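Each chain is listed here by its residues.
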Amino acid sequence: MLHKATDSIQTVTTVEGIAALRPCYERLQGITGNAVPFALYEWHLAWCRHFLNHDPDVKDEPLFFVLHNSSAACVAIVPFVISRRRFGPFKIVSIQALGADPAITEIRTPLIEVGYEYSTLQAVQNELSKVGNWDWIHWTGLNGALAEATHKMGELQPQPPLSDFVLDLTPSWEDFRSSRKRNIRESLRHCYNSLKRDGLGFELLVIEAPGEVRGALDRFLELHVMRASLPANAVHPNRFASAVARDFLYEVCEQLSRRGILRIFQLKIGSQIVAVRIAFAVGDRLYLYYSGFDPAWSKYSVMTTTVAEAIKYAIAHDFKTVGLSPGLDVSKTRWSPRQVDYQSAYQSGARLRSRLACEAYMEARSGEGLLGRLLKYFIPARRF
């Protein structure tokens, strides 16, 4: 692969500075074909407004690297956050991709024009060496050529990849449905026929207009809590339990609706909205985000119906793919999706203390080891 050279790098460390980067994001969105909603300008800006910590124990600051080529065109945005945690006389400094939240930002990846992956990582590494005194860097969202480029970065400690799942669409719903495995075809038959047998019809509402977003999100949150409250539903926790997460959701969805990116799919039976799925239309992909449903309607598999109707919508509107979001569970794999892996790795600082802190942090995340348990106990948690 041809490695293109970057000419300059800019470090942005304020929310105001990020707000000024809209033209850079717009260029990269168009030229990279990005289909990840979590790499959009609106997502990054709203995230910094809501999730950055500014308290005595945990202080976060943006650390965005913006790279240009010799023609002054923006070729890369690498969005980091630097976190300084203090416990007693000790201070730990970590650098990680924007999106360290309670599973709100599902994929954390930079925006880099094709061909600039290697030179971007070189330039960012040089800048990070100037920051000094950091204990570790968590590199995430490394895919394709970007993942290959990281192999030349020096000693990294690879982590299990994040697996995303994507459906490649066919020209018609019938072609798509008939190409699925028997189990999902049976599920689809059940969810539609069960409603008919009981004399029930449904309507799919697609909320896009900014003025309708808040009301639709109100109902989504109600149904999301209902889904999370099911006794045997531990795999679907309430991701928006905190006021910070809810405020962020309202802001980012309203902003994205103004750009025509937001879709909120509502399944209506009679006068009730019984299931909701948030989605984002980014490039040629319809990305399905979080959902909620009323358990009183679970015997009709209303969530399966909602996803099926969203796929029909994507086909009718000429989307090429549907993103089912990361996470290996049967609700995704039964659709026979394509798996896309994003690599992740830790890079520890040069000091012995930094290497020990990095090791302990990785153990804390895995819940293993004495160092990890001590670190998890003593270091203040992020507040969301």
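Residues numbered from 1 in each chain as written. Predicted model: local features only at pLDDT ≥ 70, side-chain atom pairs only at ≥ 80, totals over all residues. Heavy atoms only, no water.

Draft legend 1. Molecular detail of the layout of surface pockets. Here the second largest pocket defines a volume of roughly 560 Å³. Forming the boundary of the second largest pocket are 23 residues, of which T32, N34, T109, N143 and Y342 lie nearest the centre. Going through the elements one at a time, β5 (111-112), α5 (145-150), β7 (157-168) and β13 (338-348) are the ones with two or more residues in the lining of the second largest pocket. Tallied by class, residues from the lining of the second largest pocket come to 11 nonpolar, seven polar and five charged. (1 Å grid on protein atoms, 1.4 Å probe; cavity = no way out; pocket = protein on both sides within 12 Å on 5 of 7 lines; lining within 4 Å. Points joined across faces, edges and corners; volume = space filled by probe spheres on them. Helix = DSSP H or I, 4+ residues; strand = E, 2+ residues; numbered from the N terminus. Nonpolar A, V, L, I, M, F, W, Y, C, P; charged D, E, K, R; others polar.)

Draft legend 2. Local environment of unusual backbone geometry. One non-glycine residue, S301, lies in the positive phi region at around 50°. Within the secondary structure layout, S301 lies in the loop between β11 (285-293) and α10 (302-316). Even without glycine at this site, S325 takes up a positive phi of about 80°. Under the relative-accessibility criterion, S325 is labelled buried at 6%. (Buried < 20%, exposed > 50% of the residue type's maximum accessible area, 1.4 Å probe, protein only.)

Draft legend 3. Summary view of the pattern of salt bridges. For the coordinates displayed, the defined rule picks out 16 salt bridges. Across the pair R189 and E186 runs a salt bridge whose closest N-O atoms are separated by 2.6 Å. Of this pair, R189 and E186 both sit in helix α7 (residues 182-197), separated by three residues, roughly a single helical turn. Residue class for R189 comes out partly exposed when judged on its relative accessible area of 38%. With a closest N to O distance of 2.9 Å, E222 and R219 form a salt bridge. Of this pair, E222 and R219 are both found in helix α8 (residues 210-228), three residues apart, which corresponds to roughly one turn of the helix. (Salt bridge = Lys/Arg side-chain N within 4 Å of Asp/Glu carboxyl O.)

Draft legend 4. Layout of the side chain of E127. On the secondary structure map, E127 appears in helix α4 (residues 117-131). Residues contacting E127, with those up to four places away along its chain left out, are I9, T11 and F65. (Contact = heavy atoms within 4.5 Å.)

Draft legend 5. Main features of the packing of α7 against α10. Between α7 and α10, the least distance of the axes is 9 Å, while the angle of their chain directions is 105°. Here α7 lies roughly perpendicular to α10, going by the angle between them. Where α7 abuts α10, its residues L188, C191 and Y192 lie against T304, T305, A308, E309 and K312. Residues belonging to the contact of α7 with α10 are distributed by class as follows: four nonpolar, two polar and two charged. (Axes fitted to C-alpha atoms, helices over the stretch in contact; angles between N-to-C directions. Parallel < 35°, antiparallel > 145°, perpendicular 65-115°, else oblique.)

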